[in-house]
Every structure is written in C-alpha cells, then in structure tokens.
Amino acid sequence: MAAPVESLRKRKRGDTGPSPGSPPGSPPVPVREPPCCPARLRAGTYWLTRIVLLRALAFIYFVAFLVAFHQNKQLIGDQGLLPSRLYLKSIQQHFKGRVSWEALSYAPTILWFLDWSNMNANLDILALIGLGISSFVLIAGCANMILMATLWALYMSLVNVGQVWYAFGWESQLLETGFLGIFLCPLWTLSRLPRHTPPSRIVMWAFRWLIFRIMLGAGLIKIRGDRCWQDLTCMDYHYETQPVPNPVAYYLHRSPWWVHRTETLGNHVIELAVPFFLLLGRRMCLIHGVLQILFQVILIISGNLSFLNWLTIVPSLACFDDAALGFLFPSGAGSLKDHVLTLQDEEARGAQPAPTLGGVVRRAAHLSLAVLIGYLSIPVVLNLLSSQQVMNVSFNPLRIVNTYGAFGSITKERTEVILQGTTSPNASAPEAVWVDYEFKCKPGDPRRRPCLISPYHYRLDWLMWFAAFQTYEQHEWIIHLAGKLLANDAQALSLLAHNPFQGRAPPRWIRADHYRYKFSQLGGRHAAEGEWWVRKRIGPYFPPLSLQGLQAYFEAREWPHPEPT
C-alpha cells in the first residue's frame, strides 16, 4: 500500500516523476494545471519584471526628451538664456582651447563632436532621437543594450550642457537608472522574452541598491537638516511653499495639525525604516515595493515635482518578481504569461539553453557592473554616514552612482518674483502703468488656479522659485530674460503663459517686484472672490531696466543683444 500513497504525494506536489525515456534519477517534470485552474507563475524569476521596468523607464525618458525638445532651444540654444555653445566654449578655453580628454571628462557630451554653428538643430536632433527610441521601447516592451545605451548617452549629453536648468537630483537619478537599464537587456536581440538572456539578479539588486540609497539619503538629510523635521512641523509649510504647488496642495495645506504631524512621521518611517525591508526576504521586499510606490503616488498627487516621483517608482519595481506582477498580463495560450511558465518549467527541469559565448560575455559584464557599482558606492556610503551629508551630488562625471536627497530644509514662507513691464517713457513716473507677465505654472495672478502638470516640467518656472529667495546677482539669466522681454522676443515669450504686450509695441522698461504669497483661507473673503492666493508686495527685486541700459551687460557675457520686434 505504500506505493499508491507515494504516488498521491507526487500528484499533490504537481510532479509526475521522470518523463518517459529519461535516464534514472532525472528530476520530476512539473505538470501544468488543467485549463479550469490556470497555472500560477512561480517566484524568483524576473521575465515580466524586465518588461515592466523597461516600459516604465522608457516612459520617463520620453517625458524627459519631450521637455528637452520643447524648452532647450529657449534655455540653452543659440539664442537661449544660457547658451550651451558659450558654456562649451568656456570649458574649452579652461582646458587651453582644445577638445581634450580633460574637457570630455568634465562635460561628457556628444555635442563636442557636432557643428556648433546651429546648436538649436543639434539639441533638437538629440531630443528627437531620444523621443523615437523611448517611444519604441515603451510600445514594444523590449529593448537591447544598444538602444538603452543610446538613450543614456543622449540624455547625458543634454544634462552636461544644461547648466542650472539641469542641476537637479532627478537628472542624475535618471542617468543612474538608465545606466542600469542598459544591463537589463540582451546585446542585440529585440524580444520581450529573449530565451537566452534571462534577467540578471545582479541588475535587480543594483536597482534595489539604488532605491535604498534614494530613500535613506532623503530621510537622513531631513533629520540632519531643518529642525521642523524633528519636531514634525514641516508639513505645516510644505504644501504652500513647495516649488510648484498644484490644486490638491491648496486643500492639503488646510488639513488639521495632527494630520500634518502624522504625515511627517510617516515620511520618516518610509524613508528611514522601510528601505531595510529589502534585506529581509521576498515577502518584506514585496511590502517595501508596495509602500514605496504608494508613497510616490501620494507625492505625485500633492505637488508638481517634475518626473522625480515617477522616476523613483522605477527601481522600486525591481522588488517584484514574475509571481507578483503576473496580474498585469493577460493569461491564455500563447500569452506572455504562458511563455514565462514554459521558461520556468524548463528551468525547473534543468533544461537550460546551451551556454553561448554571448551569455558568458554578458555574465562577465554583470559581474563587472557589480564591481563598478561597489567601487563607486564607497564615497556615496561615506556621505550617507557623514554628519556633513550632501545631497544630489555626483562623484564621477558619468553620474553612474550618486547621492540623493530632497527637502533637507523647508522654506517657511513663499515669495515670488513678478516680472512687470511698462510702455511709459519714464519708469519712475507716478502715472506709469505696470502690467504683469504670467508664467506657465508658477504662482502669479492670485485668481489663477494652481497648475497640474506632473510628470511634465517647466524648467524656467522651477528656477524662478529659487530666484525668489536669492538675489538676481546669483541668477544672471533672469536679467537676460528681462532683456528678451524688452524686445518682445518670441522664443523667450514661448516660455511664458501671457505676454501683456502681445500685438503691440514692446515695453520700454522691465522691472521685477518681490511678493509674499499665502494660500487663501478656505471659506474666507479672498476664496469667495475666486482667489487661490493672497499676496503682499515686499519691495523691488531688481530696478527698472531698459534695452539700451543692458547693452554693456550683454556684451560682457557675449550674449547677443536682442532687437525689438
């Protein structure tokens, strides 16, 4: 009677014993469930994870290149606020007037090898190629190392000439994430399930190491920074004073005090405790992934932080294996899930594809990646452990492993720079009428509803937030912008939402005033009158400027003097 019992045990496990004709001692062959009970994907493989990761990364690349295509000409083009040609020229002069290895190392960019006489065309070509490749990967769900390396090189080329417009942590984060994405793929093959190229566990752990550093770095910079993170009051201010608030932030700002305390405490738990879940086995790793994605979704809902939070979701996806992500894919014969089940069955039988030279090279590449990341992580880890921690810094020119952090300090009041123009011949005359320019997204007209644009990003609006709590001497580009507005420059005006001098003579004078902004009180008088903001003038930010008065300023910086249109 022992034999039937053993046979029953095998059937319960889904094993039928060795297949007919197989040698003695061969492993049992897993049996698929009958059609009424579809087989479940097993844990521990990452075929579907790779597809989800590639599509998510391609989406971020698409947004980033779209922003570049729409805004780079105005910001760093031939007639841009900070021309990239002048920037590269200054680097070249610093390294004795030639394109040397030192210059390439300082600013790695394809633009060194292109014709600088039409930088607008160069910038557009890089952005359009990036848009095309990222669109393909997003739609197809597959890529190879060549395509992913091209995306990385194109975006790195833009970041390294972007100057202050690209000087934020999410740019380095996209480059690091994109670099890891190269090693997700086969070298040449374009297939969603390349049978000879299973996803590498080394790469998956590299993504997990990235999200670990992002979150822990953000948490540590907070508790070492502004005291309001320690007394749990930072969220009393954040929604109102963040760079580009959205409509949801208006209502969240008026939440009860205890809600803000809970939010701040929850932020510390997510950033300081949850990252260590990655080290506690599969189940806790899955919980880590779920919590981090939910946290990023909350941040997306509550503010316009560019594509930062969308990008931070990408490495979190590496916490999920095929068994966890199977619900995202349709079932049925011939489906991706069915093919993954076949691959898992082959792996369980030990029927692995014969080793190939490409496979050996790829494994060597992954081991080299692990060594490289380990080596480049040394200064990053030392920075995390340091009481003098710095955030959003790269220790290598290719930005492969970086430090991260966000909102180490919180501004307690919101100030805005409002640009105004007048056609009056005398800027100081009492009868001079000054009218406001409106930006695409930053607060201006108190009656205008806050915008909702994430993951898209207006780089000029973001920099105006920094300019408001610093001085115009620290942001020379704002004087360049004023000069272009004095000439009704169409390219510069495309960065704005409203030109009060549209269809008529350009202003004779431009000035900037400094205002303090607060959200209007829900149910209060200002809100009843349709005002989202209440503002009060603080004083001048820079004095009235004329086009003629700026000529010497422009010449000293080699900026072309704008001609009125």
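What counts and how
- Residues numbered from 1 in each chain as written.
- Predicted model: local features only at pLDDT ≥ 70, side-chain atom pairs only at ≥ 80, totals over all residues.
- Heavy atoms only, no water.
- Helix = DSSP H or I, 4+ residues; strand = E, 2+ residues; numbered from the N terminus.
- Buried < 20%, exposed > 50% of the residue type's maximum accessible area, 1.4 Å probe, protein only.
- Contact = heavy atoms within 4.5 Å.
- Areas by Shrake-Rupley, 256 points an atom, 1.4 Å probe, with all protein chains shown as cover.
- Axes fitted to C-alpha atoms, helices over the stretch in contact; angles between N-to-C directions.
- Parallel < 35°, antiparallel > 145°, perpendicular 65-115°, else oblique.
- Left-handed = near helix turned anticlockwise from the far one by under 90°.
- Nonpolar A, V, L, I, M, F, W, Y, C, P; charged D, E, K, R; others polar.
- Pairing = 2+ DSSP bridges.
- Polar contact = N/O pair within 3.5 Å; in protein donor to acceptor, adjacent residues only side chain to side chain.
- Core = buried A, V, L, I, M, F, W, Y, C linked by side-chain atoms within 4.5 Å.
- Disulfide = S-S within 2.5 Å.
- Phe/Tyr/Trp six-rings, centres within 6.5 Å; stacked < 30°, edge-to-face > 60°.
- Lys NZ or Arg CZ within 6 Å of the ring centre and 35° of its normal.
- Salt bridge = Lys/Arg side-chain N within 4 Å of Asp/Glu carboxyl O.
- pLDDT = per-residue confidence, 0-100.

**What about the overall build of the protein?**
Each helix and strand in the protein was counted, giving 21 helices and six strands. Overall, the C-alpha framework of the protein stretches about 110 × 60 × 45 Å when taken along its three principal axes. Residues counted as buried form 53% of the 565 residues belonging to the protein. The contacts of the protein with a sequence gap of at least 6 include a subset with a gap of at least 24, amounting to 75%. Looking at the protein as shown, the accessible area adds up to about 25400 Å², and 63% of this sits on carbon and sulfur atoms.

**A short note on the packing of helix α2 (residues 47–76) against helix α13 (residues 308–316)**
Two quantities define a packed helix pair, namely the angle between the helix axes and the distance between the axes. Two elements in contact, α2 and α13, have axes whose closest approach is 9 Å; the angle formed by their N-to-C orientations is 160°. What the angle tells us is that α2 and α13 run roughly antiparallel. Along this stretch, α2 crosses α13, giving a crossing that reads as left-handed. Residues L53, A56, L57, F59 and I60 of α2 pack against W310, L311 and V314 of α13. Looking at the contact of α2 with α13 residue by residue, the class counts come to eight nonpolar, no polar and no charged.

**A closer look at the sheet that holds strand β2 (residues 435–436)**
Spatially, β2-β1-β5-β6 is the arrangement adopted by the four strands of the open sheet, whose pairing is antiparallel. Looking at strand neighbours, the two that pair on one side only are β2 and β6 (533–545), the edges of this open sheet. When strand β5 (residues 509–519) meets β6, the two strands line up antiparallel, connected through nine bridges. Note that in β6 the partner of R516 across the bridge is K536. Seen against the sheet, helix α17 (residues 459–468) touches β1 (414–422), β5 and β6 and runs at an angle of roughly 105° to β1.

**A word on the environment of S84**
Here S84 is to be found in helix α3 (residues 84–94). For S84, a relative accessible area of 0% gives the class buried. Note: C-alpha distance between S84 and L123 (39 residues apart in sequence) is 9.6 Å. Only 2.8 Å separates the side chain of S84 from the backbone oxygen of I76, close enough to count as a polar contact.

**A closer look at the nonpolar core**
Counting residues in each nonpolar core, the largest one holds 143 residues, and the members touching the most others are Y155, W165, L460, W477 and F542. By residue number, the principal contributor to this core is α2, which donates 18 residues. Once you skip the residues sitting within four places of it in the chain, W477 turns out to touch L81, L82, V164, W165, L460, L463, M464 and A467.

**What to know about the state of the cysteines**
Evaluated as defined, the whole model comprises two disulfides. Across the disulfide, C228 is cross-linked to C234 (sulfur-sulfur distance 1.8 Å). Sign of the S-S torsion, about 70° for the bond between C228 and C234, identifies this disulfide as right-handed. When sorted by exposure, C228 lands in the same class as C234, which is buried.

**A few points about the packing of aromatic side chains**
According to the stated counting rule, one finds 32 aromatic pairs in the structure shown. Ring pairing ties together the aromatic residues F168, W170, F307, W462, W465, F466 and F469, which thus form one cluster. Its end group placed over the ring of W229, K222 keeps NZ or CZ at 5.3 Å from the ring centre. Over the face of the ring belonging to Y166 we find R459, whose NZ or CZ atom lies 3.7 Å from the ring centre.

**Considerations on the pattern of salt bridges**
On inspection of all chains with the given rule, the structure shows 19 salt bridges. Residue D124 pairs with K73 through a salt bridge whose shortest N-O separation is 3.0 Å. Highlighted residues: D124 in helix α5 (residues 119–140) and K73 in helix α2, separated in sequence by 51 residues. Residues D321 and R282 are paired through a salt bridge, measuring 2.6 Å at the closest nitrogen-oxygen approach. With D321 in the loop between α13 and α14 (322–325) and R282 in helix α12 (residues 282–302), this residue pair connects regions lying 39 residues apart in the sequence. Taking the relative accessible area as the measure of exposure, D321 reaches 4% and is therefore buried. The exposure class assigned to R282 is partly exposed, which follows from its relative accessible area of 41%.

**Describing the packing of helix α7 (residues 169–182) against helix α8 (residues 201–223)**
α8 packs onto α7 with a crossing angle of 165° between their chain directions and a minimal axis gap of 10 Å. With respect to α8, the element α7 is oriented roughly antiparallel. The chirality of how α7 crosses α8 is left-handed. Here Q173, E176, T177, L180 and G181 of α7 come into contact with α8, specifically with V203, A206, F207, L210, R213 and I214. Across the contact of α7 with α8, the residue classes tally to six nonpolar, three polar and two charged.

**Observations concerning unusual backbone geometry**
Of note, the amide linkage connecting S454 to P455 takes the cis form, showing an omega dihedral of 15°. Mapped onto the elements of the fold, P455 is located in the loop between β3 (438–439) and α17. Look at S306: it is not a glycine, yet its phi comes out positive at around 55°. The residue S306 is located in the loop between α12 and α13 in this model. A positive phi angle, near 55°, is found at R399, a position not held by glycine. R399 gets classed as buried once you look at its relative accessible area, which sits at 18%.

**Some thoughts on the pairing of β1**
By the criterion of burial, β1 is predominantly enclosed, with nine of the nine residues buried. Across the two faces of β1 the burial is the same, with R414, E416, I418, Q420 and T422 and T415, V417, L419 and G421 all buried. Both β1 and β5 contribute to a ladder of nine bridges, which runs antiparallel. Among the inter-strand pairings, I418 is bridged to a residue of β5, identified as D513. For β1 and β2, the ladder comprises two bridges, and the chain directions are antiparallel. Within β2, the residue paired with G421 across the bridge is V435.

**Description of the confidence of the model for the protein**
For the protein, mean pLDDT is 91; residues scoring 70 or higher make up 93% of the total. Note that pLDDT drops below 50 for residues 1–33; the model gives that stretch 26 contacts with residues more than four away or on any other chain.

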